[in-house]
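Listed below, chain by chain, are the residues.
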Amino acid sequence: MKLIKVDMTAKTIRVEDLPAAYKGLGGRALTSGYINDHVPATSDALGPENILIFAPGYFSATPLVNTSRLSVGAKSPLTGGIKESNVGGTVAAALGNLGISAIVVEGQAPEGETWLLKIEPDGQAVLIEGQAYRDMRTYALVEKLVDEFGAKNSVTCIGPAGEQQLSAASIQTTDMDGHPCRAAGRGGLGAVMGAKGLKALIVSRAGKNADPMADAEAFKAAAKAYAKAVKADEFSGEILPALGSACLVEAINEVGAFPTRNAREGQFEHADQISGETMARIIRERGGKTTHKGCAQCIIDCSNEYVDKEGKYVTSSLEYETIWSMGGMIGNGDLDAIARLDFLCDDIGLDTISTGVAIGVAMDAGYKSFGDAQAAIAMVEEVAAGTDFGKIIGHGPAAVGKHFNHDRVPVMKGQSMAAYDPRAIQGMAVTYATSPMGGDHTAGWVVDQNLEAFGGTLDRFSAEGQVEASRNTQIHMAAVDSVGICDFAQSGLAAPGGIENVYQMVAAKSGQPFGEEDWQALGLRVLKAERAFNRRAGFTPADDRLPRMFYEEPLPPHNKVVVISDAEMEATFDF
Amino acid sequence: MQVQVKLYGTLGKWVAGYDHRTGLAVNVDEGATVADLMAQLGVPLDKIGMVSLDGRLVGKATALRSGVLVKVFHPIFGG
């Protein structure tokens, strides 16, 4: 339960015990709590007062499967509010195995300096001068770091977009194969890392010092039951391994909720060319990999390796949100081009969602035609080249809208929505508008609750029940992001005993009783901290809204608009 | 009458030789429902999430029409 504090101004490192105020917390609860407590809310997100914090989930490096989840927190340069960006890969398990609860990066190196932070197998941290790595793209960077430091490390890094401090810059981290293809994409936290002068965090995967369990046997019993349910579940046990999250393309398109051509339509006529079914077939035919393990301790294997016609690696892992943002959203039905764009974003260090939507807004404004994949690739390359227009794309959709004086910009609190149009699934309107994160699908995914075929009881075109569904899911997800269970492994909640297994595991690790009320309290604690920060940063209830286009432009084919009233939005968090 | 069928996710495994690119052309009795069609194909109803007929979401008891495109989806969970 160590906290490593790195001062980038003084170049000092201190290792402390995790302060009592944060005992028993991990992941999002730790990052959001720490940021709320320590960062002046009105400070410059790219200045020395901001803090970048990396925290593995509370369950990372325990025997529970699918728990290598890292929360990265800071004040976001994209939204101006608090941010927790969540990513898989191997780094969370690696940090957990070193007994590290969090790495806090404070201060700022002088402009022009580049540093690496290396965590040794004994948990000691050291800053290494990294000028030789400056401006490198992430794949080449990782290759060079492996040459220099060996392969038994996780690398969490930024690319040129982060070094340019662009608001859509991601933090990339390595998967099981050592590819920097896992992204803490949302919120522009790559820019914060760039502003600190930190190019890469290199974490030894050789740690053997995970936090002790109060009751290891009880933990193992609950973890075993949970894992069994993850494997037995149709979705996480069979469909995700076969198709990955891309299995959602056809389903969401069919219900008319697949935002197409900058959300002018809800169905994409070329969805079948970019679907999970098509992707899996192409990968199989070319000798790539489906059912690929991307993250440590994963038993779902939803990842894939997309290859070109010659069978050469293009990218990993091609996922639903990217297929949407670089596909339907820009009118592009060419899966090879989507794969190339996914790779470029990972390599340059860009959020695929924000970048695709930024391109979509540019096309909507008439800069290029929808469906012009080569123009999209050129725009992303411009980001790496550092051209004036590249910087605009790299700052995300709101910057693009401002540049073209174009008001069809699907962002909430400055961050783009994801691949579910809120006009066709009203509950997503509530989540997008009210999440302290800005437009974010993982903060409160209520799609299933809106579709009867998936057990939902809500009318997806009506406001009734949507606020309650979003509120409850957001509270639950804030807790899930804190214990660090992969979103897709929530199928484990179907195990006999259900969520009680999760409560038992928290209790077995901490030695303290933990139950339903504590779970609710954990989620609420996170959201309260995040909303408190945002209020101090200047956000008001008027920020819990969607752009006008969603209230005024009916979305084909159902021709509905968002019907959630302002008062209902404001009732979502009545605390 | 004949209907066109597309099976999504891993549902194709229930029909020998299913090719997703072409889907299936299936002859069904007049008045047959979605559930009847699934029984005929051997796709267990509990493996099915969502069904659409020519793009409109329907329940499993819905009657089929000649020439209709039946899309059959798996359950979903997301994020």
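Owing to the predicted nature of the structure, the values given are computational and were not obtained by experimental measurement. (Residues numbered from 1 in each chain as written. Chains lettered and ligands numbered in written order. Predicted model: local features only at pLDDT ≥ 70, side-chain atom pairs only at ≥ 80, totals over all residues. Heavy atoms only, no water.)

**Q** Whenever I open this one, the overall build of chain B confuses me. Can you help?
**A** Looking only at helices and strands, chain B features 1 helix and 5 strands. Its helices and strands in sequence order give chain B the pattern β-β-α-β-β-β, from N to C terminus. Taken over the C-alpha trace, chain B has a radius of gyration of 12 Å; the compact-globule value for 79 residues is 12 Å, and the two agree within 12%. The principal-axis extent of the C-alpha atoms belonging to chain B is close to 40 × 25 × 20 Å. Sorting the 79 residues of chain B into buried and exposed places 51% on the buried side. Sequence-distant contacts in chain B: of pairs separated by 6 or more residues, those separated by 24 or more amount to 55%. Surface accessibility of chain B: about 3,500 Å² in total, with carbon and sulfur atoms responsible for 51%. Measuring between centres, the 8 positive side-chain charges of chain B sit 10 Å from its 6 negative side-chain charges. (Helix = DSSP H or I, 4+ residues; strand = E, 2+ residues; numbered from the N terminus. Rg over C-alpha atoms; globule rule 2.2 N^0.38 Å. Buried < 20%, exposed > 50% of the residue type's maximum accessible area, 1.4 Å probe, protein only. Contact = heavy atoms within 4.5 Å. Areas by Shrake-Rupley, 256 points an atom, 1.4 Å probe, with all protein chains shown as cover. Lys, Arg positive; Asp, Glu negative; His and termini not counted. Charge placed at Lys NZ, Arg CZ, Asp CG, Glu CD.)

**Q** When you look at the sheet that holds strand β3 (residues 51-53) of chain B in this model, what are you seeing that I'm missing?
**A** Strand pairing in a sheet relies on backbone hydrogen bonds, with the paired strands running either antiparallel or parallel. Residue and element names in this part refer to chain B. Pairing is mixed across the open sheet formed by 5 strands, whose spatial order is β2-β1-β5-β3-β4. For this open sheet the edge positions go to β2 (24-27) and β4 (56-58), each flanked by a neighbour on one side alone. Shown here is a sheet whose adjacent strand axes are inclined to one another by a mean of 35°, direction ignored. In the packing of helix α1 (residues 34-41) onto the sheet, the strands contacted are β1 (2-7), β2, β3, β4 and β5 (69-72), and the crossing angle to β2 comes to about 105°. (Pairing = 2+ DSSP bridges. Axes fitted to C-alpha atoms, helices over the stretch in contact; angles between N-to-C directions.)

**Q** Any chance you could explain the sheet that holds strand β11 (residues 182-184) of chain A here in plain terms?
**A** Residues and elements named next belong to chain A. What the 6 strands build is an open sheet, ordered β8-β7-β12-β9-β10-β11; its pairing is mixed. Single-partner strands in this sheet number two, and they are β8 (125-129) and β11. For this sheet the average axis-to-axis angle between neighbouring strands, irrespective of direction, equals 20°. Most of the contacts of helix α3 (residues 138-149) go to strand β9 (residues 153-157), to which it runs at about 145°, and overall it touches β7 (115-119), β8, β9, β10 (171-173) and β12 (198-204). The strands that helix α5 (residues 189-196) touches are β9, β10 and β12; relative to β12, the one it contacts most, it runs at about 100°.

**Q** Explain the interface of chain B and chain A to me, please; I cannot follow it from the model alone.
**A** Interfaces are often described in size by the accessible area the parts lose on coming together. Counting from both sides, the interface comprises 20 residues of chain B and, opposite them, 30 residues of chain A. For the interface between chain B and chain A, the tally reads 4 salt bridges. Close ionic contact of Glu 285 of chain A with Arg 21 of chain B constitutes a salt bridge, the shortest N to O distance being 3.7 Å. Between the two partners, chain B and chain A, sit 7 residue pairs in polar contact (both at pLDDT 80 or more). Classifying every residue of the side of chain B that touches chain A gives 7 nonpolar, 9 polar and 4 charged. (Salt bridge = Lys/Arg side-chain N within 4 Å of Asp/Glu carboxyl O. Polar contact = N/O pair within 3.5 Å; in protein donor to acceptor, adjacent residues only side chain to side chain. Nonpolar A, V, L, I, M, F, W, Y, C, P; charged D, E, K, R; others polar.)

**Q** Hey, could you run me through a negative patch on the surface in this one?
**A** Residue and element names in this part refer to chain A. Taken together, the side chains of Glu 500, Glu 516, Glu 517 and Asp 518 define an acidic patch exposed on the protein surface. Per element, the largest residue contribution to the negative patch is 3 residues, and it comes from helix α19 (residues 516-537). Tracing the chain through its elements places Glu 517 in helix α19. (Patch = residues over 30% accessible without salt bridge, like charges linked within 9 Å, V, L, I, M, F, W, Y side chains within 5 Å.)

**Q** Can you walk me through helix α17 (residues 466-483) of chain A in this structure?
**A** Residue pairs three or four apart in sequence face the same way in an α-helix, which turns once every 3.6 residues. Here α17 of chain A spans 26 Å end to end across 18 residues, near enough to the 26 Å set by a 1.5 Å rise per residue. Counting buried positions along α17 of chain A gives 16 out of 18 residues, so the element sits mostly inside the fold. (Expected span 1.5 Å × (residues − 1).)

**Q** Explain the pattern of salt bridges to me, please; I cannot follow it from the model alone.
**A** Here the idea is simple: oppositely charged side chains can pair when their charged atoms come close. Residues and elements named next belong to chain A. Inspection of every chain in the model, using the stated rule, returns 34 salt bridges over all chains. We note a salt bridge from Arg 264 to Asp 364, for which the minimum N-O separation is 2.6 Å. Of this pair, Arg 264 sits in the loop between α8 (248-254) and α9 (276-286) while Asp 364 is found in helix α12 (residues 352-364), placing the two residues 100 residues apart along the sequence. Assessed through its relative accessible area of 39%, Arg 264 is described here as partly exposed. On the basis of relative accessibility, which here comes to 11%, the residue Asp 364 falls in the buried class. The partner of Asp 544 in a salt bridge is Arg 531, and the shortest N-O contact between them spans 3.7 Å. Note that Asp 544 is positioned in the loop between α19 and α20 (548-552) and Arg 531 in helix α19, a separation of 13 residues in sequence. Connected through salt bridges with shared partners, the residues Arg 264, Asp 364, Arg 408 and Glu 553 form a single ionic network.

**Q** Just to check I follow, could you spell out the pairing of strand β5 (residues 82-87) of chain A for this structure?
**A** Sheet faces and side chains relate simply in a regular strand, where the side chains alternate between the two faces. Residues and elements named next belong to chain A. Counting buried residues along β5, 5 of its 6 residues qualify, which places the element largely inside the surrounding structure. Summarising the sheet, strand β4 (residues 70-75) and β5 pair through 6 bridges and their orientation is antiparallel. Across the sheet, residue Gly 73 finds its bridge partner in β5, namely Glu 84. What sits between β4 and β5 in their antiparallel hairpin is a turn of 6 residues, with Gly 80 showing a positive phi close to 80°.

**Q** Explain the confidence of the model for chain A to me, please; I cannot follow it from the model alone.
**A** Predicted coordinates in areas of low pLDDT are best not read in detail. For chain A, per-residue confidence averages 97 on the pLDDT scale, and 100% of positions sit at 70 or higher. Mean pLDDT per element in chain A: helix α7 (residues 234-243) of chain A is the minimum at 95, and strand β3 (residues 52-56) of chain A is the maximum at 99. (pLDDT = per-residue confidence, 0-100.)

**Q** What should I look at first to understand the packing of aromatic side chains in this one?
**A** Here the structure, examined in full by the defined rule, presents 17 aromatic pairs over all chains. Ring geometry for Tyr 139 of chain A and Phe 343 of chain A: centres 4.8 Å apart, planes at 50°, overall tilted. With a gap of 204 residues between them, Tyr 139 of chain A in helix α3 and Phe 343 of chain A in helix α11 (residues 335-348) connect regions that are remote in the sequence. Ring centres of Tyr 8 of chain B and Phe 73 of chain B lie 4.4 Å apart, and the angle between their planes is 10°; on these two criteria the pair is classed as stacked. (Phe/Tyr/Trp six-rings, centres within 6.5 Å; stacked < 30°, edge-to-face > 60°.)

**Q** Would you mind showing me how to read the packing of α3 of chain A against α11 of chain A here?
**A** The axes of two packed helices give the description: the angle between them and the distance between them. All names here are of chain A. Between α3 and α11, the shortest axis-to-axis distance is 6 Å and the interhelical angle comes to 55°. Comparing their axes, α11 and α3 come out oblique. Here α3 contributes Thr 138, Tyr 139 and Ala 140 to the contact with α11, which in turn contributes Phe 343, Asp 346 and Asp 347. Residues belonging to the contact of α3 with α11 are distributed by class as follows: 3 nonpolar, 1 polar and 2 charged. (Parallel < 35°, antiparallel > 145°, perpendicular 65-115°, else oblique.)

**Q** How should the pairing of β4 of chain A be read in this particular structure?
**A** Residues and elements named next belong to chain A. Of all 6 residues in β4, 6 are buried, a share of seventy percent or more. Neither face of β4 is left uncovered, since the one carrying Leu 70, Val 72 and Ala 74 and the one carrying Ser 71, Gly 73 and Lys 75 both have all their residues buried. In terms of strand pairing, β3 meets β4 through 4 bridges, oriented antiparallel. Paired with Pro 56 across the strands is Leu 70, a residue of β4.

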